[in-house]
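Tertiary structure, described
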Amino acid sequence: MEALKKELKERIINVLNLEDITVDDIQDTDALFGDGLGLDSIDALELIVLLDKEYGIKLADPKQGKEIFQSIETMAQYIAQNRTKL
Amino acid sequence: MKNCYINGIGSVSIQATGFSIFDAEITTVQNVNKAQQPSYKELIAPAMSRRMAKGVKMSIYAANKALFEAKMVDPQAIIVGTGLGCIEDSEKFLDAIIENEEQFLTPTAFIQSTHNTVAAQIALLLQCKAYNFTYVNGANSFENALFDAFMQLKHLDKENILIGGVDEIAPYTFSMFEMVGKVKRVGDNINFKKPETNGIPLAEGANFFALSVKKTANTYAEVVDLLVFNDFKDDETSTIKAFLEKNNLSVNTIDVIVLGVNADAVQQPFYHKIQVLFTETPQAYYQHISGSYDTASAFGLKVAAEIIRSQSYPEKLKYNEAQPEKIENILLVNQNNLTDFSFVLLSKC
């Protein structure tokens, strides 16, 4: 799980082009949206595409995103349970 | 009729940030020339900057400089000219379509790939809801933006307008240009005065201007007239003479002519004809400083405006040996690939 979280942080930094942010700056339980990393709705779309492309997870219900994208912790848990790509 | 004054200029070019044509040193043009990127942190929040294409960032920086210099806070129009827009992100988006087999397409590169994103993002930052327009007309893109602003200032109820020209270099587009011989290749001789090789030394940059009907202490010059066209209906000499006569000028009353020579042996004969017509006139050039790209002529306008305001004629701009006795009227002549011709006439204020 720790390796997955690190990989996820690296991918998010890369995909969202988070300038001046390193893996160490993102805590596992930090909020991704709002006061935490400050991501927005366009980033949410990028994360949905990332889940599909890298882990083979299609989010059928966008409302699910609210819970899944709370933090790195929640994302990693969801990916571990639902991934179809290794 | 109202006048059109250049009151502020901002630029990002292949030269160092803050470069002036009066500086001693210039970075020599190579076969490919990337713009020197200034620090954007003071101007653009990191959360916004991370999604912006290079062309957008360069333009926001240059636009901000122009507005600040002119003390203009409320442009009543934002008009941008660009040959290829933010081509780097266009390439990213198209690459993603191919690599991902038309799936997993994300919005960021698509948003940046539209040509009008530059003018739109400047407007967003300024919270400017006024006229917002983008011209994509090859090497006349900037001149069309200038012409639009010129007409609106002269004939409509507009006082302040921000205009600019921007273009980027992107790897795949560059390789295509190389393939068709449009650009210089590594090792090609680059000679602006006696070009021996074909192709242009490709570059990138953003040049913005705050235009106003009001003259200020900072005014560079007045844009007196301009002519934008794709082909000569008459010969070059008659066309230029008619343009000058329309403005009560003649070949002899032009104090400096600024030529958009671009080191391309194929395009040089056009400029040679203009040189012959203006044999006695001081001839200046600028693309050995800016490099060549669709909207490099905006850098040419910057150079001409700086000459006229400073009333000095730097050695490094001289294309011939003639020295101006006075600097009151400057004519810019540009073209690309023997089309997209333009004349821009500036006068001292």
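Residue positions are counted from 1 within each chain, in the order its sequence is given. Chain labels run from A onward and ligand labels from 1 onward, assigned in the order the entries are written. Note on the predicted model: pLDDT of at least 70 is required for a residue's local features to be given, and 80 or more for side-chain atom pairs to be given and counted; whole-chain, interface and lining totals, by contrast, use all residues. Where side-chain values are given, they derive from all heavy atoms of the structure, hydrogens and water being excluded.

We now examine the overall build of chain A. Scanning chain A for helices and strands turns up 4 helices and 0 strands. Along the chain direction, N to C, the helices and strands of chain A fall in the order α-α-α-α. Taken against the 2.2 N^0.38 rule, which gives 12 Å for 86 residues, the C-alpha radius of gyration of chain A at 12 Å falls within 12% of a compact globule. C-alpha extents for chain A along the principal axes are approximately 30 × 25 × 20 Å. For chain A, with 86 residues in total, the buried portion stands at 38%. Asp and Glu count as negative and Lys and Arg as positive, but His and the ends of the chain are not part of the count. Every charge is mapped to an atom, namely NZ of Lys, CZ of Arg, CG of Asp or CD of Glu. Between the centroid of the 10 positive side chains of chain A and the centroid of its 18 negative side chains there is a distance of 8 Å. Helix and strand assignments follow DSSP, with helices taken as H or I runs no shorter than four residues and strands as E runs no shorter than two, numbered in order from the N terminus. Just to be clear, the radius of gyration here is over C-alpha atoms, and the globule rule we use is 2.2 Å times residues to the power 0.38. Only protein chains enter the area calculation, which uses a 1.4 Å probe; residues under 20% of their type maximum are buried, those over 50% are exposed, and those in between are partly exposed.

This paragraph deals with the UniProt feature "domain: Carrier" (unreviewed entry) in chain A. UniProt positions are given in the numbering used here, feature names are shortened, and annotations may be inferred rather than shown by experiment. When the UniProt feature table is mapped onto this chain numbering, "domain: Carrier" (unreviewed entry) sits at residues 1-83 of chain A. Taken end to end, residues 1-83 of chain A is 54% helix and 0% strand, and its two terminal C-alpha atoms sit 13 Å from one another.

For the rest of this paragraph, the subject is the packing of aromatic side chains. The relation between two aromatic rings is expressed through the spacing of the ring centres and the mutual angle of the planes. All names here are of chain B. Only Phe, Tyr and Trp rings are paired, with Trp represented by its six-membered ring, and only when their centres lie within 6.5 Å; those with planes under 30 degrees apart are stacked, over 60 edge-to-face, the remainder tilted. Scanning all chains against the criterion turns up 16 aromatic pairs over all chains. Between the aromatic rings of Phe93 and Phe110, the centroid separation amounts to 5.2 Å while the plane-to-plane angle is 50°, which identifies the pairing as tilted. A residue pair is termed long-range when its members are at least 10 positions apart, and Phe93 in helix α3 (residues 87-99) and Phe110 in helix α4 (residues 107-113) qualify at 17 residues. On the basis of relative accessible area, Phe93 is assigned to the buried category, the value being 16%. Taken together, the ring pairs connect Phe229, Phe232, Phe243, Phe270, Tyr271, Phe341 and Phe343 into an aromatic cluster. In this structure, Arg309 is placed above the aromatic ring of Tyr220, and the distance from its NZ or CZ to the ring centre is 3.8 Å. Lysine and arginine charges are scored as sitting over a ring when NZ or CZ, respectively, is within 6 Å of the ring centre and within 35 degrees of the ring normal.

Residue and element names in this part refer to chain B. In this text, buried Ala, Val, Leu, Ile, Met, Phe, Trp, Tyr and Cys residues form a nonpolar core when linked through side-chain atoms within 4.5 Å. Of all hydrophobic cores here, the largest spans 73 residues; its most connected members are Ile6, Phe278, Leu331 and Leu346. Here this core gets 9 residues from one element, more than from any other, and that element is helix α11 (residues 296-310). Each of domain 1 (5-212) and domain 2 (222-347) gives at least three residues to this core. Where each domain starts and ends comes from a domain assignment, either automatic or drawn from a database.

Turning our eyes to something else, we now look at unusual backbone geometry. Positive phi is not limited to glycine here, since Lys71 of chain B has a value of about 55°. Examined against the element boundaries, Lys71 of chain B turns out to sit in the loop between α2 (54-70) and β3 (77-81).

We call two residues in contact when some of their heavy atoms are within 4.5 Å. Facing the 14 residues of chain A at the interface are 13 residues of chain B. By definition, a salt bridge exists where a carboxyl oxygen of Asp or Glu is found within 4 Å of a side-chain nitrogen of Lys or Arg. Inspection of the chain A/chain B interface yields 4 salt bridges. A salt bridge links Asp40 of chain A to Arg51 of chain B; the nearest nitrogen and oxygen atoms lie 2.6 Å apart. N or O atoms closer than or at 3.5 Å make up a polar contact, with two conditions inside protein: a donor-capable atom paired with an acceptor-capable one, and, for residues adjacent in sequence, both atoms drawn from side chains. Joining chain A to chain B, the criterion identifies 7 residue pairs in polar contact (both at pLDDT 80 or more). Its residues assigned to classes, the side of chain A that touches chain B shows 6 nonpolar, 1 polar and 7 charged. Each residue gets one label: Ala, Val, Leu, Ile, Met, Phe, Trp, Tyr, Cys and Pro are nonpolar, Asp, Glu, Lys and Arg are charged, and the others, such as Gly, are polar.

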